[in-house]
Amino acid sequence: MNKAITIFFGTIVVIALSGCGDDDSSKQEVKNYKYTTAEVYEKMCAKCHGEKGEGVKKEKGPALNDQEVYELKMGITDIKMGGIGGHSSGTEHEIMEHNMQKIIEKGMDYDTDAMAQYIYENFNINK
Ligand code: HEC
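Report follows, based on the coordinates. (Residues numbered from 1 in each chain as written. Predicted model: local features only at pLDDT ≥ 70, side-chain atom pairs only at ≥ 80, totals over all residues. Heavy atoms only, no water.)

So, about helix α2 (residues 37-49). Compared with the 18 Å implied by 1.5 Å per residue over 13 residues, the 15 Å span of α2 between its first and last C-alpha is markedly short. The largest bend in α2 is about 40°, located at K43. Where α2 is concerned, the buried positions are T37, V40, Y41, M44, C45, A46 and H49. Buried residues along α2 sit in contact with α4 (94-105) and α5 (112-123). In the segment just after α2, G50 is the residue with positive phi, at about 90°. (Helix = DSSP H or I, 4+ residues; strand = E, 2+ residues; numbered from the N terminus. Expected span 1.5 Å × (residues − 1). Bend = angle between axes of the 7 residues up to and from the residue. Buried < 20%, exposed > 50% of the residue type's maximum accessible area, 1.4 Å probe, protein only. Contact = heavy atoms within 4.5 Å.)

Below, the structure is given as structure tokens:
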């Protein structure tokens, strides 16, 4: 009888422990983005900001090819944080924030620093 109880509780402990092992919510900071920055730009940003960051008047997307890396970083970080319901510094990025939700839904999430770098390296007209 005692032995059976020990096995019974022992089994519960094992199940509880293995349950913890399967829970990987603690690893969420480590992200693997599904698409490269270039792919995301082409698919999700070019429509409004132009193939080369020159801006698209029809979509009211401002040119990004005259901004410094730090300006891009600030803008993009603000948009991303605001779009996922986090803190936004209160700039006018409503269109972009709405857009960010769609981007994430489509699995097109991206690294903000890498995106700023990509736009600057490839499109900047002042460097
Ligand atoms: C539906 C059109 C649209 C798409 C798609 C879009 N943007 Fe924008 N973006 C805008 C508009 C309009 C603004 C200016 C007003 C605003 O921010 O809401 C803007 C502003 C910005 C700014 C700030 C520029 C400034 O001068 O302050 C950055 C940076 C930016 N977008 C980057 C991106 C990136 C990166 C992507 C792709 C992940 C993207 N945008 C996709 C329309 C778009």
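That covers the picture; the talk isn't over yet.
Together, E39, E42, E51 and E54 make up a negatively charged patch on the protein surface. When you line up the elements, E51 lands in the loop between α2 and α3 (69-83). Assessed through its relative accessible area of 53%, E51 is described here as exposed. (Patch = residues over 30% accessible without salt bridge, like charges linked within 9 Å, V, L, I, M, F, W, Y side chains within 5 Å. Areas by Shrake-Rupley, 256 points an atom, 1.4 Å probe, with all protein chains shown as cover. Salt bridge = Lys/Arg side-chain N within 4 Å of Asp/Glu carboxyl O. Lys, Arg positive; Asp, Glu negative; His and termini not counted. Charge placed at Lys NZ, Arg CZ, Asp CG, Glu CD.)

Geometric values such as these leave the question of function open.
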